[in-house]
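# Residue-level structure breakdown
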Protein chains: 6
Amino acid sequence: MSDLWLSSLQTENPQQGFELALKLSRMGVKYTQPSDEVRSKLRDEYAENADSLTAASQVVAINFQTVAAANAYWK
Amino acid sequence: MSDLWLSSLQTENPQQGFELALKLSRMGVKYTQPSDEVRSKLRDEYAENADSLTAASQVVAINFQTVAAANAYWK
Amino acid sequence: MSDLWLSSLQTENPQQGFELALKLSRMGVKYTQPSDEVRSKLRDEYAENADSLTAASQVVAINFQTVAAANAYWK
Amino acid sequence: MSDLWLSSLQTENPQQGFELALKLSRMGVKYTQPSDEVRSKLRDEYAENADSLTAASQVVAINFQTVAAANAYWK
Amino acid sequence: MSDLWLSSLQTENPQQGFELALKLSRMGVKYTQPSDEVRSKLRDEYAENADSLTAASQVVAINFQTVAAANAYWK
Amino acid sequence: MSDLWLSSLQTENPQQGFELALKLSRMGVKYTQPSDEVRSKLRDEYAENADSLTAASQVVAINFQTVAAANAYWK
């Protein structure tokens, strides 16, 4: 991927950190499935499935661990 | 999401930390499925499925690791 | 949940820590499914399913990481 | 569980640590399904299923992280 | 595998670190399924499945934790 | 298991560390299913299944976290 989309793990506050974790989770998908059209179609499906949503939330949780550590937990 | 819902990872005690981990887990779902109505309907289903509940508990456990570290384990 | 059920992550020894990890795992379920009756019925099912038991053991393992770190590994 | 089965996370070497991680993984199951007979029957099944074995190995990996940290990686 | 493909976990910036995490995730697959042809065929399938993509993103997230720690979070 | 197969988590470089993580993942399976014949048969199956390969890669990623930490990330 030639675009720069991740220049730093530092964020101003925890909520921005959580949103960065969401972005990391989605980029993990995008590198495997680069088509915006396919990803959009798939999202419509899994956004109505409880287990798929829990799985998505889990990836965010793992990435949030990384972002939170990078920011010394915003203490 | 324009609302501020996460201003700090600090909590007064472990139980509030666990409840913050629950909130993080649910927000991980909400960012993907913003409709309160859809999430409510899905909850009715997965709350009666053992494997879905275990998966939900796992996401809470991962987020609790983050919150506990942020609070130096409330020592 | 208004009751106080988690006042500290400190335990006297590793085994008590493992049992606290079990409690955290079960509370992660209870917050989503508060009905004792429903949880009891579900437990009868998943306790006879190998993959469900492995998944439950995994949540305990994740929570045990947190409790063990909180206790400096009881060294 | 009234028996003492986990008095320390310290082991003499990494291999004993890995075997302790196995024990922790099995105890995570045993607390939920205490019947030796049921667990033995279930083991016969999942030991012939690749995905079940991978899932079991994952729980061991998570517990091994804890044991390895407790032993400062046997350095 | 006789080729040298991983000489360092150090990267110049977070994005290169994320891409290294992707490489680690794919190598974890390649060691088990060395055939480029089989892996290519399988990729066509799972790249159209939302749950498979989430699972792939999760492995990247776990490897990114390692790479980020190795780089002191590029602070 | 009476053989000594894990005497140290130290490796000379990250690639050897990744290969040790692979070994740990396979040993996690072998302790549950000791039969070489059964494991070989199962491998033929899951090596052709994308989700099984992703799951295997995830276990390697978790074990690689441990090995990388043990080697201070080969810095």
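The notes below deal with the structure included here. (Residues numbered from 1 in each chain as written. Chains lettered and ligands numbered in written order. Predicted model: local features only at pLDDT ≥ 70, side-chain atom pairs only at ≥ 80, totals over all residues. Heavy atoms only, no water.)

### With respect to the interface of chain A and chain E
Put simply, the rule is: By definition in these notes, contact holds between two residues if any of their heavy atoms fall within 4.5 Å. Accessible area that two parts lose when put together, with a 1.4 Å probe and added across both, is what the buried area reports. By definition, a salt bridge exists where a carboxyl oxygen of Asp or Glu is found within 4 Å of a side-chain nitrogen of Lys or Arg. Polar contacts, as counted here, are pairs of nitrogen or oxygen atoms within 3.5 Å of one another; within protein the pair requires one atom able to donate a hydrogen and one able to accept it, and residues that are adjacent in sequence qualify only if both atoms are side-chain atoms. Helix numbers and strand numbers start at the N terminus; a helix is a DSSP run of H or I with at least 4 residues, a strand a run of E with at least 2.
Between chain A and chain E, the contact holds 32 residues from the first and 24 residues from the second. Overall, the association of chain A and chain E removes approximately 2,400 Å² of surface from exposure, summing both partners, and the carbon and sulfur fraction of that is 62%. Where chain A packs against chain E, one counts zero salt bridges. Counting across the interface, chain A meets chain E through eleven residue pairs in polar contact (both at pLDDT 80 or more). Looking at the side of chain A that touches chain E element by element, the count peaks at eleven residues for helix α3 (residues 50-70) of chain A.

### Here's the deal with the relation of the copies chain D and chain F
Heads up, the rule is: Superposition of the copies was done by least squares, using only C-alpha atoms of residues whose pLDDT is at least 70 in both.
When chain D is brought onto chain F, the operation consists of a screw motion whose angular component is 60° and whose axial shift is 0.0 Å, with 0.0 Å RMSD remaining. Taken together, the rotation and translation describe the operation of a six-fold axis. When C-alpha distances to the rotation axis are compared across chain D, the minimum falls at isoleucine 62 of chain D, with a value of 6.9 Å. Different-surface contact between copies: only 17% of interface residues of chain D are shared with the interface of chain F.

### Thoughts on the nonpolar core
To keep it simple, the criterion reads: Think of a nonpolar core as a cluster: buried Ala, Val, Leu, Ile, Met, Phe, Trp, Tyr and Cys residues, connected wherever their side-chain atoms sit within 4.5 Å. Any residue under 20% of the maximum accessible area for its type is buried, any over 50% is exposed, and the rest in between are partly exposed; the area is computed with a 1.4 Å probe on protein chains only.
Counting 108 residues, the largest nonpolar core has Phe18 of chain A, Phe18 of chain B, Phe18 of chain C, Phe18 of chain D, Phe18 of chain E together with Phe18 of chain F as its most contacted members. Excluding residues within four positions of it along the chain, phenylalanine 18 of chain A makes contact with Val60 and Phe64 of chain A together with Trp5, Leu6, Leu24, Met27, Gly28 and Tyr31 of chain B. In this structure, Ala61 of chain B, Ala61 of chain C, Ile62 of chain D together with Ile62 of chain F belong to the second largest nonpolar core, which totals 18 residues.

### Notes on the packing of helix α1 (residues 14-30) of chain D against helix α3 (residues 50-70) of chain D
Residues and elements named next belong to chain D. Let me state the cut-off plainly: What counts as an axis is a line fitted to C-alpha atoms, over the stretch in contact for a helix, and the angles between N-to-C directions run from 0 to 180 degrees. Oblique is the label for every angle not falling under 35 degrees (roughly parallel), over 145 degrees (roughly antiparallel), or within 65 to 115 degrees (roughly perpendicular). Handedness of a crossing follows from how the near helix is turned relative to the far one, being left-handed for an anticlockwise turn of less than a right angle and right-handed for a clockwise one.
Following both chains from N to C, one finds α1 and α3 inclined at 125°, their axes separated by 8 Å at the closest point. By the criterion of interaxial angle, the relationship of α1 to α3 is oblique. Where α1 crosses over α3, the handedness of that crossing is right-handed. Residues Pro14, Gly17, Phe18, Leu20, Ala21, Leu22, Leu24 and Ser25 of α1 touch α3, and the partners they reach there are Val59, Val60, Asn63, Phe64 and Val67.

What is shown is where atoms sit, not what they do.
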